[in-house]
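Here's the letter readout for the chains.
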Amino acid sequence: MNGITNNRLFEQIKDLIEQTKNNVAVAVNSSMTMMYWHIGKLINDEILQNKRAEYGKEIVATVSQQLIKQYGKGYSYSALTRMMKFAKNIDEKNIATLSQQLSWSHFKELIVLEDNLKIEFYAQMSIAQNWGVRTLRERIDSMLYERTALSKQPDELIKYELENIKNENFSKDVVFKDPYFLDFLEINDRYLEKDLEDAILRSIEQFIFELGVGFSFIERQKRIIIDGEDFKIDLLFYNRKLKRLIAIDLKIGRFKAEYKGQMELYLKWLSKYEKEEGENEPLGIILCADKKEEQIELLELEKSGIHVAQYLTVLPPREILEAKLHQAIESAKAKYLIDNQQKNNLEE
């Protein structure tokens, strides 16, 4: 009996020690991160007052040498310029909260982005999804933000969604992407839909990682019977963030209008026979090798809970892909403004 008591006491003390060590580590990280931000702000303010670019380089170089002599190599010229960028790109009201949840290594990845909304998106996703620095870097490199429907919304709506992420409230605009990168499948130029499906299932872990937040695999070739006729849903997932079943239809060619009716049928069946109490209505993703935006817009697929996205099994050069994504974002934002203006004109 004494042995059991001793073991329980040991475990309780061990838990207390580990928790205290963790709290101390968090406090130290937060204090150091805040210090780096304030150092950057002090230097930025000094340079701003002088208004000479040459002076900025001189003062950073001089202060760096002084700090290195006193405190070591952690205050090199490049380290100080990083702190300056840190103070410039992340405002003071956010840093106090973020510094308690993200490490300085996370911030080093974030501050090079410069776009405030993009920084906030990756910061909140890192917290909500508990991303390590490596995962954060991979997500940034894969241009996750630019591929979400969220990035194509007006800034005010993006800010609203980012606030929701803080409360673990994810919308489909945050979860769904376009395009999806499936280069990890390593399939030939010529393949059938079954080849694509087989390749996905062989790499299901990577596919789920690419799908994003909250996906769990349920079934392949989900058989449904309607009026005695067999239909099969290529891939069926559940998304715990959206609290919905997600049906995925794989198409090896360009999107066709007829795909809408097929997916609507699947979603109606899932809603009637598979949706459980407390769940939201099922959604569908049609993954195509190519698509035409006007056709998709005219079909009003969003009203049917259908998301059409392109998949890429071979990625083009990064600069081409980046330019294409940025063009899509700018076009979507411009269209939103035009549509909104026309709506306002009609109401007047």
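Up top you'll find the structure we're talking about.
Numbers given to residues run from 1 along each chain, matching the order in which its sequence is written. Where local features are concerned, this predicted model is filtered to residues with pLDDT of at least 70; where side-chain atom pairs are given and counted, the filter is 80 or more; whole-chain, interface and lining totals use all residues. Note that the side-chain values use all heavy atoms of the structure and ignore hydrogens as well as water.

## What to know about unusual backbone geometry
Now for step 1: Each neighbour pair has its own omega, and for D178 with P179 the value is 0°, a cis peptide bond.
Now for step 2: Within the secondary structure, P179 sits in the loop between helix 10 (172–175) and strand 1 (180–181).
Now for step 3: Non-glycine residue N130 carries a positive phi angle of around 55°.
Now for step 4: Each helix corresponds to a stretch of at least 4 residues labelled H or I by DSSP, and each strand to a stretch of at least 2 residues labelled E; elements are numbered beginning at the N terminus. Within the secondary structure, N130 is located in the loop between helix 6 (116–129) and helix 7 (133–141).
Now for step 5: Classification of residues uses two cut-offs on accessible area relative to the type maximum, computed with a 1.4 Å probe and protein chains only: under 20% is buried, over 50% is exposed, and between them is partly exposed. Exposure remark for N130: the relative accessible area of 68% places this residue in the exposed category.

## Some remarks on the packing of aromatic side chains
Now for step 1: Here a pair means two rings of Phe, Tyr or Trp (six-membered ring of Trp) with centres within 6.5 Å. Their orientation is stacked below 30 degrees between planes, edge-to-face above 60, and tilted elsewhere. The tally for this structure, following the rule as stated, stands at 11 aromatic pairs.
Now for step 2: Ring geometry for F121 versus Y145: centroids 5.2 Å apart, planes at 55°, classification tilted. Of this pair, F121 sits in helix 6 while Y145 sits in helix 8 (residues 144–147), placing them 24 residues apart in sequence. Here the two residues F121 and Y145 agree in accessibility, since each one is buried.

## Digging into the sheet that holds strand 2 (residues 215–226)
Now for step 1: In this analysis, strands are considered paired if DSSP registers two or more bridges between them. Ordered by their spatial adjacency, six strands build an open sheet running 1-6-5-4-3-2, and the pairing between neighbours is mixed. The strands lining the two open edges of the sheet, one partner per strand, are strand 1 and strand 2.
Now for step 2: The sheet contact formed by strand 1 and strand 6 (residues 306–312) spans two bridges and is parallel. For F181, the partnering residue across the bridge sits in strand 6 and is L312.
Now for step 3: Note on definitions: a residue-residue contact is assigned when non-hydrogen atoms from the two residues lie within 4.5 Å. For helices, the fitted axis covers only the stretch in contact; all axes are lines through C-alpha atoms, and the angles between them, taken along N-to-C directions, range from 0 to 180 degrees. Relative to the sheet, helix 13 (residues 258–273) contacts strand 2, strand 3 (229–239), strand 4 (244–250), strand 5 (283–288) and strand 6, its axis offset from that of strand 4 by approximately 150°.

## Some remarks on the pattern of salt bridges
Now for step 1: Only one rule defines a salt bridge in this text: a Lys or Arg side-chain nitrogen within 4 Å of an Asp or Glu carboxyl oxygen. The final tally for this structure, using the stated rule, is 26 salt bridges.
Now for step 2: Here R137 makes a salt bridge to E109, at a shortest N to O gap of 3.1 Å. Highlighted residues: R137 in helix 7 and E109 in helix 5 (residues 104–110), separated in sequence by 28 residues.
Now for step 3: Owing to a relative accessible area of 35%, R137 belongs among the partly exposed residues under this scheme.
Now for step 4: E322 is the partner of R318 in a salt bridge, and the nearest nitrogen-oxygen pair spans 3.5 Å. With R318 and E322 both in helix 15 (residues 318–347) and four residues apart, the pair spans about one turn of that helix.
Now for step 5: In this structure E322 comes out as partly exposed when scored by relative accessible area, which is 30%.

## Things to note about the environment of L182
Now for step 1: Mapped onto the elements of the fold, L182 is located in the loop between strand 1 and helix 11 (193–202).
Now for step 2: The class for L182 is buried, based on a relative accessible area of 0%.
Now for step 3: Those residues within four positions of L182 in sequence are excluded, and the remaining contacts are F207, E210, Y311, L312 and T313.

## Some words on the environment of S99
Now for step 1: For S99, the position within the fold is in the loop between helix 4 (92–98) and helix 5.
Now for step 2: We classify S99 as buried; its relative accessible area is 0%.
Now for step 3: Leave out the neighbours within four places in its chain, and S99 touches N29, S30, T33, M34 and F107.
Now for step 4: Any pair of nitrogen or oxygen atoms within 3.5 Å is treated as a polar contact; in protein, a donor-acceptor pairing is required on top of that, and neighbouring residues in sequence qualify only through side-chain atoms on both sides. In this structure the side chain of S99 is engaged in a polar contact, spanning 3.2 Å, whose partner is the side chain of S30.
Now for step 5: Polar side-chain contacts of S99 include one of 3.1 Å to the backbone oxygen of A96.

## What about the pairing of strand 5?
Now for step 1: The buried count for strand 5 comes to six of six residues, which makes it a mostly enclosed element.
Now for step 2: The alternating pattern of strand 5 places L283, I285 and L287 and G284, I286 and C288 on opposite faces, both of which are buried.
Now for step 3: Bridge analysis of strand 4 against strand 5 gives five bridges, and the strand direction is parallel. Residue pairing across strands places L250 opposite L287, the latter belonging to strand 5.

## Concerning helix 6
Given 3.6 residues per helical turn, the α-helix brings residues three or four places apart onto the same face.
Now for step 1: In this analysis, the expected span of each helix is defined as 1.5 Å times one less than the number of residues it contains. The first and last C-alpha atoms of helix 6 sit 20 Å apart over 14 residues, in line with the 20 Å expected at 1.5 Å per residue.
Now for step 2: Most of helix 6 sits inside the fold, with 11 of its 14 residues counted as buried.
Now for step 3: Turning to helix 6, its buried residues number three or more, namely L117, K118, I119, E120, F121, Y122, A123, Q124, M125, S126 and A128.
Now for step 4: The distance from a side-chain oxygen at the start of helix 6 to the backbone nitrogen of L117 is 2.9 Å, and the residue carrying that oxygen is D115.
Now for step 5: Remark: N130 follows helix 6 within two positions and exhibits a positive phi of approximately 55°.

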